[in-house]
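Architecture and fold: a report
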Amino acid sequence: MAQKEVSHKKAAILGLQHLLAMYSGAVAVPLLIGTALKFNSTQMTYLVSIDIFMCGLATLIQLFRNKYFGIGLPVVLGCAIQAVAPLEMIGQKFSINTMYGAIIVAGIFVFLISGWFSKIKKLFPPVVTGTLITVIGLTLTPVAFQNMGGGNVQAKDFGDAKNLIVAFLTIIIIVAIEVWTKGFLRSISVLIGLIVGTLIASCLGMVSLKPVMQASWFHLPQLFYFGVPEFEWSSCLTMIIIALVSMVESTGVFFAIGDLLHKDITEEDLKKGYRAEGLAQVFGGLFNTFPYTTFSQNVGLLQLSGIKTKRPIFWAAGLLMGMGLLPKIGALVTMIPDAVLGGAMLVMFTMIAVQGIKMLTKVNFENNRNILVVAISIGLGLGVTIYPQIFQTLPQTVQLFLGNGIVVASLSATLLNLIFNGRRDAQ
């Protein structure tokens, strides 16, 4: 049954909620890479704001389903956080231009192999997809907790009473709205939680206007802003591996949204989804930003809000592009304290985990083999998330794959299911 469409006015507010949910993850990548490569303030301003613009463009590419690309589901695209360490390494060892050349090559690679890669759908029965979606939610939860404490574990004020107060008050506000309100108000519970949480944090002296004062008013994306891309084989291979990691992660998100919408995700859907990500990655390289991938944090928001149509996501994409062109407006969002974001994230990420558990209820756990597939895969996924350094003695290329808990859980669940159940549906 098709869901009733919301008005543009309501869709704009819902779109803002989606934007706020993904914003910190989107700006974290340019901030981390820009700092590592010692960018000056002008370069950093370009990097952050044009990255936000490209997040909006990448989301539009994925939303507009056509003959060649676009999955056409309510998904939001942002920077692939797993690309940070490899990009820093390439930028420091070679040059910024080599970094962007590798991003372009990886994007072309994703576009070209999308048809072949989409055939992995056969390897994803409910026992695998349910496990993968559960692990996505559980592996994101530590990120929420880190933000609740203040964001930086090494900081002296990490876990400070102020951080904990605003984090838990944000959670309480969101839960209260979910329980005691109805209709549209309930669908924007996270947005209200973020706004009220920020106001409370402001009263405690935790909000700064400095980012807004320092930001410029307007600028446009520029082709090859940092210079013409350069191509070096080992850098390209590294980013291709990262692209494959992102594709595996995106597959889990596509299935999660398909389950939410009661829609069967076909090979054609996957192929167009991967192609859109490849195209977005090429644009990222051309305009000197980053690889883009489907964000899992927004899945929990679809579940919480109950609004699962594309119109709010179109608004989110448009708002992202507008904020990218108007850095002062974009900087307003950076005023939300990490602790407030952490509180909202905890609610959203745990909702993803619960959705995965719901999918696992379709699995026959009278069959001991299914229990093993789920138990071992969740254990490996969480273990790697907490201690990725367990693989530090292995070659760098192998570490890029095995350092991601979602990818490890995905590989484990897929392989164990094949060994125990073959290709038949593990119901």
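Residues numbered from 1 in each chain as written. Predicted model: local features only at pLDDT ≥ 70, side-chain atom pairs only at ≥ 80, totals over all residues. Heavy atoms only, no water.

- Looking at an unreviewed UniProt entry, one finds the chain named Nucleobase:cation symporter-2 family protein and attributed to Lactobacillus kefiranofaciens.
- What the UniProt record of the chain gives under Subcellular location (unreviewed entry) is the line "Cell membrane".
- In its Sequence similarities (unreviewed entry) section, the UniProt record describing the chain reads: "Belongs to the nucleobase:cation symporter-2 (NCS2) (TC 2.A.40) family." (UniProt positions renumbered as here; feature names shortened; annotations may be inferred.)

1. Some points on the overall build of the chain
- If you tally the helices and strands in the chain, you get 18 helices and two strands.
- Taking 2.2 N^0.38 as the reference for a compact globule, 427 residues should give roughly 22 Å; the C-alpha atoms of the chain span a radius of gyration of 21 Å, in line with that estimate.
- Evaluated residue by residue, the chain yields a buried proportion of 56% over its 427 residues.
- Across the chain, the fraction of contacts at a sequence separation of at least 24, relative to all contacts at a separation of at least 6, is 84%. (Helix = DSSP H or I, 4+ residues; strand = E, 2+ residues; numbered from the N terminus. Rg over C-alpha atoms; globule rule 2.2 N^0.38 Å. Buried < 20%, exposed > 50% of the residue type's maximum accessible area, 1.4 Å probe, protein only. Contact = heavy atoms within 4.5 Å.)

2. Some details on the pattern of salt bridges
- Enumeration according to the criterion identifies seven salt bridges in this entry.
- Residue Lys 119 pairs with Glu 267 through a salt bridge whose shortest N-O separation is 3.6 Å. Residue Lys 119 is found in the loop between helix H4 (96-117) and helix H5 (126-148), and its partner Glu 267 is found in helix H11 (residues 267-286); the two are separated by 148 residues along the sequence.
- Residue classification places Glu 267 among the partly exposed positions, given a relative accessible area of 26%.
- For Lys 263, the salt bridge identified is with Asp 269, shortest N-O distance 3.5 Å.
- With relative accessibility at 36%, the residue Lys 263 sits in the partly exposed group.
- Put simply, Arg 65, Lys 263 and Asp 269 are held in one network by salt bridges that share partners. (Salt bridge = Lys/Arg side-chain N within 4 Å of Asp/Glu carboxyl O.)

3. Points about empty space enclosed by the protein
- Tallying each qualifying case throughout the model produces one cavity of 30 Å³ or more.
- By volume, the largest cavity amounts to about 40 Å³.
- In this structure, the largest cavity is lined by Ala 80, Val 110, Ala 243, Ser 246, Met 247, Glu 277, Gln 281, Pro 291, Tyr 292 and Thr 293.
- Of all the elements in the fold, those that place two or more residues in the lining of the largest cavity are helix H10 (233-260), H11 and strand E2 (292-294).
- Considering every element that reaches the lining of the largest cavity, the biggest residue donor is H10, with three residues. (1 Å grid on protein atoms, 1.4 Å probe; cavity = no way out; pocket = protein on both sides within 12 Å on 5 of 7 lines; lining within 4 Å. Points joined across faces, edges and corners; volume = space filled by probe spheres on them.)

4. Looking at a nonpolar patch on the surface
- Residues Leu 164, Ile 165, Phe 168, Leu 169, Ile 172 and Leu 204 make up a contiguous nonpolar surface patch of about 490 Å² in total accessible area.
- Turning to its location among the elements, Ile 172 is positioned in helix H6 (residues 161-180). (Patch = residues over 30% accessible without salt bridge, like charges linked within 9 Å, V, L, I, M, F, W, Y side chains within 5 Å. Areas by Shrake-Rupley, 256 points an atom, 1.4 Å probe, with all protein chains shown as cover.)

5. Here's the deal with the packing of aromatic side chains
- In total, this model carries nine aromatic pairs according to the counting rule given.
- With 6.2 Å between their ring centres and 45 degrees between their planes, Phe 254 and Tyr 274 make a pair best called tilted. With Phe 254 in helix H10 and Tyr 274 in helix H11, this pair connects stretches of sequence that are 20 residues apart. For the pair Phe 254 and Tyr 274, one class covers both residues: buried.
- Here the aromatic residues Tyr 46, Tyr 100, Tyr 225 and Phe 226 are joined through ring pairs into a cluster of three or more. (Phe/Tyr/Trp six-rings, centres within 6.5 Å; stacked < 30°, edge-to-face > 60°.)

6. Looking at helix H12 (residues 297-305)
- Where burial is concerned, most of H12 is hidden: eight out of the nine residues are buried.
- Gly 306 sits one or two residues past H12 and shows a positive phi near 80 degrees.

7. Comments concerning the environment of Ala 80
- For Ala 80, the position within the fold is in the loop between strand E1 (77-79) and helix H3 (84-93).
- Every residue in contact with Ala 80, bar those within four places of it in the chain, is listed here: Val 29, Ser 246, Pro 291 and Thr 293.

8. What about H11?
- For H11, built from 20 residues, the straight-helix expectation of 28 Å at 1.5 Å per residue is met to within 8% by its first-to-last C-alpha distance of 29 Å.
- Across the 20 residues of H11, 14 count as buried, placing the element largely inside the fold.
- Positive phi shows up at Asn 288, right after H11, with a value of about 60 degrees. (Expected span 1.5 Å × (residues − 1).)

9. Side note on the packing of H6 against helix H8 (residues 189-203)
- The contact between H6 and H8 brings their axes to 8 Å, and the two run at 145 degrees. Pair H6 / H8 crosses with right-handed handedness. Facing Val 166, Leu 169, Thr 170, Ile 173, Ile 174, Ile 177 and Glu 178 of H6, the residues of H8 in contact are Ser 189, Val 190, Ile 192, Gly 193, Leu 194, Val 196, Gly 197, Ile 200 and Ala 201.
- Here the contact of H6 with H8 is built from residues that sort into 11 nonpolar, four polar and one charged. (Axes fitted to C-alpha atoms, helices over the stretch in contact; angles between N-to-C directions. Left-handed = near helix turned anticlockwise from the far one by under 90°. Nonpolar A, V, L, I, M, F, W, Y, C, P; charged D, E, K, R; others polar.)

10. Some words on the side chain of Asn 147
- Inspection of the secondary structure assignment puts Asn 147 in helix H5.
- Judged by relative accessible area, which is 12%, Asn 147 ranks as buried.
- Residues within four places of Asn 147 in sequence aside, it is in contact with Asp 338, Ala 339, Gly 342 and Met 345.

11. Examining the environment of Leu 372
- Within the fold, Leu 372 resides in helix H16 (residues 368-386).
- Separated by 154 residues in sequence, Leu 372 and Phe 218 have C-alpha atoms that sit 55 Å apart.
- Those residues in contact with Leu 372 that lie beyond four places of it in its chain are Ser 377, Leu 416 and Phe 420.

12. What to know about the environment of Met 345
- Along the chain, Met 345 falls in helix H15 (residues 338-360).
- Each C-alpha atom of the pair Met 345 and Thr 361 lies 25 Å from the other, and the pair is 16 residues apart in sequence.

13. Remarks on unusual backbone geometry
- Positive phi values are uncommon outside glycine, yet Phe 224 reaches one of about 50 degrees.
- The exposure class assigned to Phe 224 is partly exposed, which follows from its relative accessible area of 30%.
- Not every positive phi belongs to a glycine, and His 262 is a case in point at roughly 55 degrees.
- Structurally, His 262 can be placed in the loop between H10 and H11.

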